[in-house]
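The lines below spell out each chain.
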Amino acid sequence: MHSKATPTHCPYCALQCGMGLTSGPGGVEVVERPEFPVNGGALCGKGRTAPAVLSSRVRLTEPLIRSHATGRLEPATWEEAIGRVADGLSRTRTEHGPDACGVFGGGGLTNEKAYALGKFARVALGTSQIDYNGRFCMSSAAAAGQRAFGLDRGLPFPLADVPRTGCVILVGSNLAETMPPALRYLTELKENGGKLIVVDPRRTRTAEQADLHLAPRPGTDLALALGLLHLVVAEGRTDEAFIAERTSGWEEARAAAMAHWPEYVERISGVAVPQLRDAVEMFCDAESAMVLTARGPEQQSKGTDTVGAWINLCLATGNAGRPLAGYGCLTGQGNGQGGREHGQKADQLPGYRKLTDPAARAHVAGVWGVDPDSLPGPGRSAYELLDALGGDIKSLLLMGSNPVVSAPRAAHVEERLRSLDFLAVADVVLSETAQLADVVLPVTQWAEETGTVTNLEGRVLLRRQAVTAPDGVRSDLDVLHGLAARLGHEKGFPTDPEEIFDELRRASAGGPADYSGISYARLKEGNGEGVFWPCPAEDLAPAEEEEEETDAAHPGTPRLFLDRFATEDGLARFVPVVHRAAAEEADAEYPVLLTTGRVLAQYQSGAQTRRVDELNSAAPGPFVELHPRLAARLRIEEGEPVTVVSRRGRAVAPARITGAIRSDTVFMPFHWPGEGRANSLTNPALDPVSRMPEFKVCAVRLERE
Ligand SMILES: Nc1nc2c(c(=O)[nH]1)N[C@H]1C(S)=C(S)[C@@H](COP(=O)(O)OP(=O)(O)OC[C@H]3O[C@@H](n4cnc5c(=O)[nH]c(N)nc54)[C@H](O)[C@@H]3O)O[C@H]1N2
Ligand SMILES: Nc1nc2c(c(=O)[nH]1)N[C@H]1C(S)=C(S)[C@@H](COP(=O)(O)OP(=O)(O)OC[C@H]3O[C@@H](n4cnc5c(=O)[nH]c(N)nc54)[C@H](O)[C@@H]3O)O[C@H]1N2
Ligand code: SF4
Ligand SMILES: [Mo]
């Protein structure tokens, strides 16, 4: 790497690619950081162009307050803005009680911010009503991982293990577009003679790499996984020794799977029986194998059971709890992993502790210096919280999300946001959600501040400040500090990220996601390759002893479950699951299935990437991807605007006709607001366990403009 460059990490996805930043006359430049192991210097176009969003031309540089006189957002001082937010929240609290204040966070926030936000909600506001956008992301995989293994860490092994296994089933991940530098792990897998199976209703750039591509109807992965398990049993390819020694609950799970005959699964999923057999053969012939899931199977109203079925397949074949084998989830957002561990989730305290566990409450309350009984109980999940705005939630503080674009049934969510007594949004840019706010707080972003993030492997990384923020912006930590002070909490909300991290270490000590042995000093060591949690400290008592700690320190845990699973008895739990239909199926009125997802050059709600010229040229707007047969039947031509109608609303976007999608399904990316907003259509049907909305399947009809 360039000697003057600061080593840091990309602002966007969970791969958290290492990059270097230099500041020169031409502005901030990205240089390669080949020594960082996860991406080895490679970056996608989003990461390469990320400095464009640092520019004052596209971002917020002063607080805004909605004027009573004009109804418009007008520039204000920080003093006024923080005062207005504190007043808005306190008024709600006085008039309607603390639970009338809502807080909504994001999986892109650093560990320090996520921790401070959770503490702010529970201690400074005293509200139970906090959740975050990660609920829309990997919550089903997290719930299934907890249920089966007793612990949720997206990948229980480093990505570097992937090329060394024998077979990978990649379910509903388009990582060639969503984590391009990670594609090299699959390329190496194939070079090493390993097999790749991709399960996706579309023949994506990722699916093109596969030895076998299974293209199920959206929403039928549960049947598919059960059908594969049925065949594994029928063909005598279970690993009985592993099942006996390392698992519990097999008889019930086996019986449930046996009801899923291959022919029945073919009828439900559209995947032909010979393909099911080929998949089982590839998977079972391999000495070791992995199943990796992403949003395809997870963002369903049965996502938890679906991931559970894929885990059962791993367990039944002995592909878990040993090297180069296992189930993993490819988490999505920059701090998607850490963001779900430290307390911005409705039911959770730092260190992945449960809010309902008396011992956890006592421990964290001790660190926070409050009475355990003063901590509220669990609140609502993300969609339920958004749906309650204007009902019993009257004010909302939102940090790190843009639900006007990204929430399911977005027109309804937008209407709920508008119905609030008071909305405050902290953001880098004037997002579609910030545009609705009473107060907008302009904050610093990635390269302008230091903080830790935990990537999809469970690797805790230090993302360092590399440039100075423009005048007029403050960090999210400053915002929380200022608000807490006005709400009567002068202490407990420091602005220095390292100070917060040291508190987080203590709060997480002894919990499932134990960070107590990790320090900023340690994260700076070597190539900055980070430390995998859990990483307990031998003795954390004097928190300042980091320097000397290094020698005897716990090495961190790159690979989980090798000796035992994290359940009470150490055994992995099979869960008996059976197929069920999507919340909405195609019918005469809405005969086509809609699925949604991403394109390479845009990120999420697009709030950041839609402000980068190069990315807009590559991906200028929404589209409706449909098969030539469907297009011919409806007489839709390439590029022609198509109206897509669901029970929630309508959206219009140009047709993109391709043989790479099933003919009963259309696909829309969700990165844009306005008339092409995919989330005007999506179904907020929730998974009963994870409360994940069904982004990946709903019923629609297409109309020509
Ligand atoms: N370019 C880009 N990269 C990103 C992001 C981004 O917005 N843009 N976001 C980041 C985040 S937060 C996340 S969560 C990840 C998401 O990463 P991915 O999960 O890879 O992304 P998606 O495009 O949402 O969905 C993946 C695939 O699921 C398929 N799919 C749809 N329905 C089904 C189904 O019913 N079953 C199966 N098996 N597959 C289905 C879609 O066709 C799609 O190809 O990406 C991260 N990286
Ligand atoms: N139809 C459909 N909808 C989906 C999905 C799908 O597949 N299909 N996927 C879902 C998934 S997986 C996800 S993760 C969500 C994501 O959807 P969103 O939650 O909307 O995600 P972002 O667009 O990343 O929003 C982050 C916001 O925070 C701002 N921001 C960035 N950094 C900071 C910071 O440090 N502090 C503060 N205060 N703000 C910051 C950004 O500018 C942006 O406005 O979308 C979900 N919605
Ligand atoms: S793959 Fe993800 S982390 Fe890497 S450069 Fe692209 S957006 Fe950034
Ligand atoms: Mo996500």
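Keep in mind the model is a prediction, meaning the values are calculated, not measured.

Colleague: What's the story with the pattern of salt bridges in this structure? I'm lost.
Modeller: Think of it this way: side chains of opposite charge can pair up when their charged atoms draw near. According to the stated counting rule, one finds 34 salt bridges in the structure shown. Here glutamate 614 makes a salt bridge to arginine 48, at a shortest N to O gap of 3.5 Å. On the criterion of sequence distance, the pair formed by glutamate 614 in helix α22 (residues 613-618) and arginine 48 in helix α1 (residues 45-49) is long-range, its members being 566 residues apart. Of the residues examined, arginine 48 reaches a relative accessible area of 46% and is grouped as partly exposed. Between aspartate 664 and arginine 217 there is a salt bridge, with its nearest N and O atoms 3.0 Å apart. Of the two residues, aspartate 664 sits in the loop between β26 (650-657) and β27 (665-669) while arginine 217 sits in the loop between β10 (212-214) and α7 (221-234), which places them 447 residues apart along the sequence. A relative accessible area of 27% places arginine 217 in the partly exposed class. Connected through shared salt-bridge partners, Glu584, Asp587, Arg647 and Arg648 make up one network.

Colleague: What should I look at first to understand the site of ligand 3 in this one?
Modeller: Neighbouring ligand 3 are Cys10, Tyr12, Cys13, Gln16, Cys17, Leu43, Cys44, Lys46, Gly47, Pro180 and Pro181. Across the shell around ligand 3, the residue classes tally to 8 nonpolar, 2 polar and 1 charged.

Colleague: So what exactly am I meant to see when it comes to the environment of serine 401 here?
Modeller: Note on placement: serine 401 falls in the loop between β16 (395-399) and α16 (403-406). As for serine 401 and alanine 81, which are separated by 320 residues in sequence, their C-alpha atoms are 20 Å apart. Those residues in contact with serine 401 that sit more than four places away from it in its chain are Phe104, Gly105, Asn133, Ser406 and Asp427.

Colleague: Sorry, what's going on with the packing of aromatic side chains here?
Modeller: Given two aromatic rings, their pairing is described by the distance between the two centres and the angle made by the two planes. A full pass over the atoms with the stated rule returns 11 aromatic pairs. Where phenylalanine 136 meets phenylalanine 695, the ring centres are 5.5 Å apart and the plane angle is 80°; that geometry is what we call edge-to-face. Pair noted here: phenylalanine 136 is in the loop between β7 (130-132) and α4 (139-149) and phenylalanine 695 is in the loop between β29 (693-694) and β30 (698-704), with a separation of 559 residues, a long-range link. Residues phenylalanine 136 and phenylalanine 695 agree in their burial class; the two are buried. Here the aromatic rings of phenylalanine 501 and tyrosine 515 are separated by 6.4 Å at their centres, their planes lie at 55°, and the arrangement is tilted. Within this pair, whereas phenylalanine 501 is found in helix α19 (residues 497-508), its partner tyrosine 515 is found in the loop between α19 and α20 (520-523), the two being separated by 14 residues in sequence. Given the relative accessible area of 0%, tyrosine 515 is considered buried.

Colleague: I would appreciate a short explanation of the packing of α7 against helix α10 (residues 262-269) in the present structure.
Modeller: The geometry of a pair of packed helices is captured by two quantities: the angle between their axes and the separation between those axes. It is at 9 Å that the axes of α7 and α10 come closest, and there the two elements cross at 160°. The orientation of α7 with respect to α10, classified from their angle, is roughly antiparallel. Judged by the twist between their axes, the crossing of α7 over α10 is left-handed. Residues Ala223, Leu224, Gly227, His230 and Leu231 of α7 pack against Pro262, Val265, Ile268 and Ser269 of α10. Taken together, the residues of the contact of α7 with α10 break down into 6 nonpolar, 3 polar and no charged.

Reading the values: the criteria
Residues numbered from 1 in each chain as written. Chains lettered and ligands numbered in written order. Predicted model: local features only at pLDDT ≥ 70, side-chain atom pairs only at ≥ 80, totals over all residues. Heavy atoms only, no water. Salt bridge = Lys/Arg side-chain N within 4 Å of Asp/Glu carboxyl O. Helix = DSSP H or I, 4+ residues; strand = E, 2+ residues; numbered from the N terminus. Buried < 20%, exposed > 50% of the residue type's maximum accessible area, 1.4 Å probe, protein only. Near = heavy atom within 4 Å. Nonpolar A, V, L, I, M, F, W, Y, C, P; charged D, E, K, R; others polar. Contact = heavy atoms within 4.5 Å. Phe/Tyr/Trp six-rings, centres within 6.5 Å; stacked < 30°, edge-to-face > 60°. Axes fitted to C-alpha atoms, helices over the stretch in contact; angles between N-to-C directions. Parallel < 35°, antiparallel > 145°, perpendicular 65-115°, else oblique. Left-handed = near helix turned anticlockwise from the far one by under 90°.

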